[in-house]
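# Structural characterization, general
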Amino acid sequence: MTERTLVERNLINRFIQALGLVAATLGAAIGCDSVLGPPRPGDLQVTLTTSGADLDPDGYAVVLDTTPPHAIAVNDTWRVSAVTPGSHVVTLAGLAANCAVAGDNPRIVTVPESDTAVVTFVVHCSTTHGVLQISAATTGGVKDPDGYSACVDASSDKVCAYGGPVVLPVSGVSTVTVDTGTHVVLLSGLAPNCTVAGDNPRAVSVSTGQTVDVPFAIACKAAILHVTTTTTGVQLDPDGYTLCLDPYNDGCDTYTPIGANSVATLDVAYGSHVVELDGVAGNCPVSGDNPRTVGASDTMAVSFVITCLATGSVRVAISTTGTDIDPDYFVCVGGAASTCNWSTGASSNGLVTVAGVTAGAHTVTLTGVSPNCSVSGTPARVVAVPENGVVDVSFNVRCVLAERIAFSTGGGTISVLRVDHVYQQSIGKGFAPAWSSDGTRLAYECGQDICAINADSTAFARLTVDGASNRHPTWSPDGSKIAFAATHGSATDLYVMAANGSGAVRVTQGVGFLGSPAWSPDGTTIAFDCRVDAGNDDICSVNIDGTAFARLTNDPARDYGAAWKPDGSTLAFATTRDGLDEIVLMSPAGGSVTRIGTGLPGFAPTWSPDGAQLALVQVYDGYDATYDIVVLAHADGSNVRYLTAGDQPAWKPHP
């Protein structure tokens, strides 16, 4: 390095040092803030915590320095952003007279740069009210059963100043919070036999935070009820009677035993009462009214006079024959066919004796007979019961087969119901039940298969297991075969199989088969839902060997769900030709369609075995939903009546 180069470098270094000294001097002269910028603001958080009673209802106000007041709730937080760092004054204002702040108020707080200062005010409020402790102490006889009511400062229209009347037990305490000062307490709701000692209403004074006792002493006097029984005659009731005080529906407020000739004394609530003499033997009529009412007084008296008469017995012999025999009846013995003074249950075949019947003329009636059973002659017989003797009566009952209908519920349960509603049996899970010709078995849809079961829920069998969708079974008239609809892939056709599920044979192919097969009574033809033309649902038929296909209807409306009349003369089916679904009739050969009466709304018809009635499904419009119901109707459309909620009815054939 040359000497010139060294000199130049030294000069440069001295120049740089001189610049640093100038910068330092300037910084000291103008201050650091001029270099770093103004101080950064902070935040202020004011927190309110209030305890005690009678808290300030409208909250408080917070004042920061001289800014306008900010409203704040009694337990709340207020946060202020961008507050200049340094000292500030925070004041809590707007406190109620009964509320005080713990610590300084106003309060000086330092807000740091770029940070948050927290100020917490703790306020405690003392009560401005007092408490009335209202008590009742009741002595005496029968106390008021529902207690009393206490009202503080009742207005002229009996409105209580502090809410509604306070419920006060007959011996208990209730409290009411009130303003300080003088108040008036009124006790009401007393029973007529109860009186209050001392002033009522009662004036009391309350200071702030004070609890003042307001005791009421109530004395209740009991009313006395004397009941007398006088029994004469013969064969007196051996176990006496029972007094029923104030009967209601199937009960009494009080039961008290009393002898045949006796006096019972009861303490009762003051007021009128109803007295009934129960447990009286049938041969011991009570003279006069029973029950009877007695008026309110301190002492009440009721007298019952009973006369017991000589008795004999009625021996009833019952013989029942036929089918679907009623298992039990009811024997009624009375002064007339409409009365029943003595009664007993009876079996369908056997003897039953009704003892203790007063001697003389009586009517013996056999009741509880099922609608499918009839009594030979008249069910009411007039007999003369001898004193200490026996009179014999016999009834012969003949029962016929009770009509039954199988159906499926909305939940998918197969049930069988007698049309007289005497009996219903749940068979099992499934849909679309169909009876065998002898009425012993049911075929039905069980998931994707066809199953069969006895009518008593035994001998279940799954008849199809081929993975297809199998629906709508129907039994051949001789009971040897079952026709059904099966969908393999996308094609639905009619199949026929043996009753045990073997040997299934396809009957239709490419004829528009939809489902709902119905076997003709002669066993040669099956009617079914079809769609020969696109979008046009009709009724078709085919022989069971697949020949003689026929389109029986051809109408733009929907025709579906055919059912053969048992004599084979008529097909009933549902149609929408007149708008809503209704049942119509047609010859099995097709042709013209006949409405039933003025129109029988519904679908899924099934004939009674004698062809005189139809069961069908109608849609019932309930309060919040619609659902299917099974109804019955005469074949001419008259006498439509509700049977049950359900779908897909099948009338059981007669064996």
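Residues numbered from 1 in each chain as written. Predicted model: local features only at pLDDT ≥ 70, side-chain atom pairs only at ≥ 80, totals over all residues. Heavy atoms only, no water.

## Observations regarding the overall build of the protein
- Each helix and strand in the protein was counted, giving 2 helices and 55 strands.
- The C-alpha atoms of the protein give a radius of gyration of 48 Å, which is well past the 26 Å a tight globule of 655 residues would have.
- Counting only C-alpha atoms and orienting by the principal axes, one finds that the protein spans roughly 145 × 105 × 45 Å.
- The 655 residues of the protein split such that 41% are buried.
- Nonlocal contacts in the protein, meaning residues at least 24 apart in sequence, comprise 51% of its contacts between residues at least 6 apart.
- Here the protein displays about 32,100 Å² of accessible surface, and carbon together with sulfur accounts for 54% of that area.
- Put simply, the protein has 30 plus and 61 minus side-chain charges, and the middle of one group is 9 Å from the middle of the other. (Helix = DSSP H or I, 4+ residues; strand = E, 2+ residues; numbered from the N terminus. Rg over C-alpha atoms; globule rule 2.2 N^0.38 Å. Buried < 20%, exposed > 50% of the residue type's maximum accessible area, 1.4 Å probe, protein only. Contact = heavy atoms within 4.5 Å. Areas by Shrake-Rupley, 256 points an atom, 1.4 Å probe, with all protein chains shown as cover. Lys, Arg positive; Asp, Glu negative; His and termini not counted. Charge placed at Lys NZ, Arg CZ, Asp CG, Glu CD.)

## Side note on the nonpolar core
- Ranked by size, the top nonpolar core spans 23 residues in total, and within it Leu132, Ile134, Val185, Leu187, Phe216 and Ile218 carry the most contacts.
- At the level of elements, strand 9 (129-140), strand 10 (148-152), strand 11 (166-168), strand 12 (172-179), strand 13 (181-188), strand 14 (194-197), strand 15 (202-206) and strand 16 (211-220) are the ones that each hand at least two residues to this core.
- Looking at which element gives the most residues to this core, the answer is strand 16, with 5 residues.
- Residues within four places of Ile218 in sequence aside, it is in contact with Ala136, Ala137, Thr138, Thr139, Tyr148, Leu187, Leu190, Cys194, Thr195 and Val196. (Core = buried A, V, L, I, M, F, W, Y, C linked by side-chain atoms within 4.5 Å.)

## Describing the pairing of strand 1 (residues 42-52)
- Note that strand 1 and strand 4 (residues 76-83) share 6 bridges and pair antiparallel. From the neighbouring strand, Thr47 faces strand 4, where its bridge partner is Thr77.
- Sheet topology note: the strand 1/strand 8 (residues 116-125) ladder contains 10 bridges and is parallel. The partner of Asp43 across the bridge, within strand 8, is Thr116. (Pairing = 2+ DSSP bridges.)

## Topic: the environment of Val532
- As for its position among the elements, Val532 is in strand 44 (residues 525-533).
- On the basis of relative accessible area, Val532 is assigned to the partly exposed category, the value being 39%.
- In sequence terms Val532 and Ser174 are 358 residues apart; their C-alpha atoms lie 84 Å from each other.
- In this structure, Val532 is in contact with Val511, Cys540, Phe549 and Arg551, ignoring residues within four places of it in sequence.

## Looking at the state of the cysteines
- Applying the stated criterion to the full structure yields 9 disulfides.
- Across the disulfide, Cys446 is cross-linked to Cys451 (sulfur-sulfur distance 1.8 Å). The sign of the 75 degrees torsion about the S-S bond sets the Cys446-Cys451 disulfide as right-handed. (Disulfide = S-S within 2.5 Å.)

## Notes on the environment of Ser303
- Topologically, Ser303 is positioned in strand 23 (residues 299-308).
- Accessibility expressed as a relative area gives 40% for Ser303, which makes it partly exposed.
- Once residues lying within four places of it in the same chain are set aside, the contact partners of Ser303 are Thr228 and Arg292.

## Quick word on the sheet that holds strand 5 (residues 86-93)
- Within the open sheet, the 4 strands sit side by side as 3-2-5-7. Their pairing is antiparallel. Edge strands, defined here as strands with exactly one partner in the open sheet, are strand 3 (70-72) and strand 7 (107-111). Each neighbouring strand pair of the sheet contributes to a mean axis angle of 35 degrees, computed without reference to strand direction. (Axes fitted to C-alpha atoms, helices over the stretch in contact; angles between N-to-C directions.)

## A word on the pattern of salt bridges
- With the rule as written, the count across this model stands at 15 salt bridges.
- In this structure, Arg577 engages Asp559 in a salt bridge whose closest nitrogen and oxygen atoms are separated by 2.7 Å. Of this pair, Arg577 sits in the loop between strand 48 (571-575) and strand 49 (582-586) while Asp559 sits in strand 47 (residues 559-564), and the two are 18 residues apart along the sequence.
- The class for Asp559 is buried, based on a relative accessible area of 1%. (Salt bridge = Lys/Arg side-chain N within 4 Å of Asp/Glu carboxyl O.)

## Some details on the confidence of the model for the protein
- Overall, the prediction assigns the protein a mean pLDDT of 89, with 94% of residues at 70 or greater.
- Between residues 1-35, whose pLDDT stays under 50, and residues either more than four places distant or in other chains, the model counts 3 contacts. (pLDDT = per-residue confidence, 0-100.)

## Some remarks on the side chain of Asp449
- Relative to the helices and strands, Asp449 resides in strand 37 (residues 449-454).
- Judged by relative accessible area, Asp449 falls into the buried class, the value being 12%.
- In this structure the side chain of Asp449 is engaged in a polar contact, spanning 3.2 Å, whose partner is the side chain of Arg462.
- A polar atom in the side chain of Asp449 sits 3.1 Å from the side chain of Thr464.
- Aside from chain neighbours lying at most four places away, what touches Asp449 is Tyr444, Arg462, Thr464, Val465, Asp466 and Asn470. (Polar contact = N/O pair within 3.5 Å; in protein donor to acceptor, adjacent residues only side chain to side chain.)

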